[in-house]
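One-letter residues, chain by chain:
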Amino acid sequence: MFSPLFRDQAEGPPVTNVMFLKTHKTASSTVLNILFRFAETHNLSVALPAGSRFHLGYPWLFLAHYVEGVKQKGVPQRFNVMCNHLRFNLPEVQKVMPNDTFYFSILRNPVFQLESSFIYYKDYVPAFRDTENLDAFLASPLTYYNQSQSLRNAYARNNMWFDLGYDHDAPAEENYVRARLAEIERRFQLVLIAEHFDESMVLLRRRLRWQLDDVVSFRLNARSQGSVTSLTPEGQERAKRWCALDWRLYRHFNRTFWAQVRAELSPRRLRSEVARLQARRRQLMTLCLQDGGPKDKKEITDGHLRPFQSGKADILGYNLRQGLDSQTLQVCQRLVMPELQYMAHLYAQQFPEKPPKDISFLKA
């Protein structure tokens, strides 16, 4: 039976207006699940893609009309939570989100982010299609990468820089990079680091004044180890040069992240908070999951919980334990629900008068 943790002290009410810039291949699907769960639990409105879309206009710069219900009877609407994929465009985001919105995002080492993108988008991205592996691509990227196909090739170079709304083909000139990093710092109150996910959740929870159960999560949209490839050391250095803007971005915000952690938490307190988070995750995995861990796509028995599969990746999912009581089942289903299913679920709740999102392709 599910037992929520006792509320722990937080100074002031929880933050309920949140914009998360969901970067690609950065553990952002797990963060999205956290935000969807919080929104559903607290009956908050979510800025969801309009009509049959599954993202907010990506890879084009975001426009407010990509959001369902942004105008009702001619009156502009504001939403509490925004977290689906979009290419950041602040003036248009501000048409959708309240003035007191908390902005945050997440970054990942671009060497591993690029490797994940290569596997996941291999069949979609023109620059990746005709190359055998990522090492071969990085040995001669301009052989495969055509700048005139910039939008379709967004995943192939400086993808996180692109998601932030900037030109991913821009030269990494010092003054340009510094100016953009300063812009990002001014807009985003927090930038998390995927390699330090649990420490990121500790800091996020403090900033949002949320409870521990609000930020506990299971990894979503993760690949099986068999579909993860390793770059040679030379390939890793080439990836840093090819994605020089992302490398500068990541190094800068890795430094600022740890500076913020050190300013707020002693090493002992940080270890304690991370241990609490990990213990609660283990407890919920034992409670919710059959065999206590993730499954590959062939082993997932409930089609409604089967994640979307893309490219050469084998995306893992979960089977829930049998015989859970209704309250526990609801909590566990929310923890393991893949993002497309969860988005469709929230869309049906918020817009019952609209045709539901068609996710029938997930059951194929």
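Cut-off values and rules
- Residues numbered from 1 in each chain as written.
- Predicted model: local features only at pLDDT ≥ 70, side-chain atom pairs only at ≥ 80, totals over all residues.
- Heavy atoms only, no water.
- Pairing = 2+ DSSP bridges.
- Helix = DSSP H or I, 4+ residues; strand = E, 2+ residues; numbered from the N terminus.
- Core = buried A, V, L, I, M, F, W, Y, C linked by side-chain atoms within 4.5 Å.
- Buried < 20%, exposed > 50% of the residue type's maximum accessible area, 1.4 Å probe, protein only.
- Contact = heavy atoms within 4.5 Å.
- Salt bridge = Lys/Arg side-chain N within 4 Å of Asp/Glu carboxyl O.
- Phe/Tyr/Trp six-rings, centres within 6.5 Å; stacked < 30°, edge-to-face > 60°.
- Lys NZ or Arg CZ within 6 Å of the ring centre and 35° of its normal.

Participant: Now, about the sheet that holds strand E4 (residues 81-82): what can you tell me, with residues and values included?
Facilitator: One open sheet accounts for four strands, arranged E4-E1-E5-E6; its pairing is parallel. Sheet topology places E4 and strand E6 (190-193) at the edges, where each strand pairs with a single neighbour. Two strands pair when backbone bridges link them, and strand E1 (residues 18-21) and strand E5 (residues 102-107) are joined in this way by four bridges, in the parallel orientation. Across the sheet, residue methionine 19 finds its bridge partner in E5, namely tyrosine 103.

Participant: Lay out the nonpolar core in plain terms, naming residues and giving numbers.
Facilitator: Among the nonpolar cores identified, the biggest contains 95 residues, and Met82, Val96 and Phe104 are the most heavily contacted of them. Aside from chain neighbours lying at most four places away, what touches valine 96 is Ala47, Phe62, Ala64, Val67, Val70, Gln77, Arg78, Phe79 and Met82. Leu114, Leu134, Leu231 and Ala313 belong to the second-largest nonpolar core, a separate cluster that totals 24 residues.

Participant: Help me get a handle on unusual backbone geometry, residues and values and all.
Facilitator: In this structure, the amide linkage connecting tyrosine 58 to the following residue, proline 59, adopts the cis form with an omega of 10°. Take proline 59: it is sitting in the loop between helix H1 (28-41) and strand E2 (71-72). Notably, asparagine 221 is not glycine yet its phi reads approximately 60°, a positive angle. One can find asparagine 221 in the loop between helix H10 (212-215) and helix H11 (233-242). With relative accessibility at 24%, the residue asparagine 221 sits in the partly exposed group.

Participant: A description of the pattern of salt bridges should follow, citing residues and the corresponding values.
Facilitator: Going through the model one piece at a time under the given rule, you end up with 18 salt bridges. Ionic pairing is found between arginine 223 and glutamate 115, a salt bridge with its closest N-O pair at 2.7 Å. Of this pair, arginine 223 sits in the loop between H10 and H11 while glutamate 115 sits in helix H3 (residues 110-120), and the two are 108 residues apart along the sequence. For the residue pair arginine 223 and glutamate 115, the accessibility class agrees, reading buried in each case. We note a salt bridge from arginine 281 to aspartate 198, for which the minimum N-O separation is 2.7 Å. Of this pair, arginine 281 sits in helix H13 (residues 267-288) while aspartate 198 sits in helix H9 (residues 197-208), and the two are 83 residues apart along the sequence. There is no split in this pair, since arginine 281 and aspartate 198 are both buried. A network of salt bridges, in which partner residues are shared, links Glu174, Arg178 and Arg248.

Participant: A description of the packing of aromatic side chains should follow, citing residues and the corresponding values.
Facilitator: With the rule as written, the count across this model stands at 24 aromatic pairs. Where tyrosine 58 meets phenylalanine 162, the ring centres are 5.8 Å apart and the plane angle is 80°; that geometry is what we call edge-to-face. Of this pair, tyrosine 58 sits in the loop between H1 and E2 while phenylalanine 162 sits in helix H7 (residues 159-163), and the two are 104 residues apart along the sequence. The class of phenylalanine 162 is buried, set by a relative accessible area of 1%. An aromatic cluster is built from Tyr58, Tyr120, Tyr121, Tyr124, Tyr155 and Phe162, whose rings are joined through pairwise contacts. In this arrangement the basic side chain of arginine 87 is found over the ring face of phenylalanine 162, its NZ or CZ atom lying 3.7 Å from the centre. Over the ring of tryptophan 242 we find arginine 157; its NZ or CZ atom is 3.8 Å from the centre of that ring.

Participant: Describe in detail the pairing of E6, supporting the description with residues and values.
Facilitator: Residue alternation in E6 divides its side chains into two sets, Leu190 and Leu192 and Val191 and Ile193, and both sets are buried. Where E5 lies against E6, four bridges are found, and the strand directions are parallel. The partner of leucine 107 across the bridge, within E6, is isoleucine 193.

Don't take any of this as a statement about function, it's just geometry.
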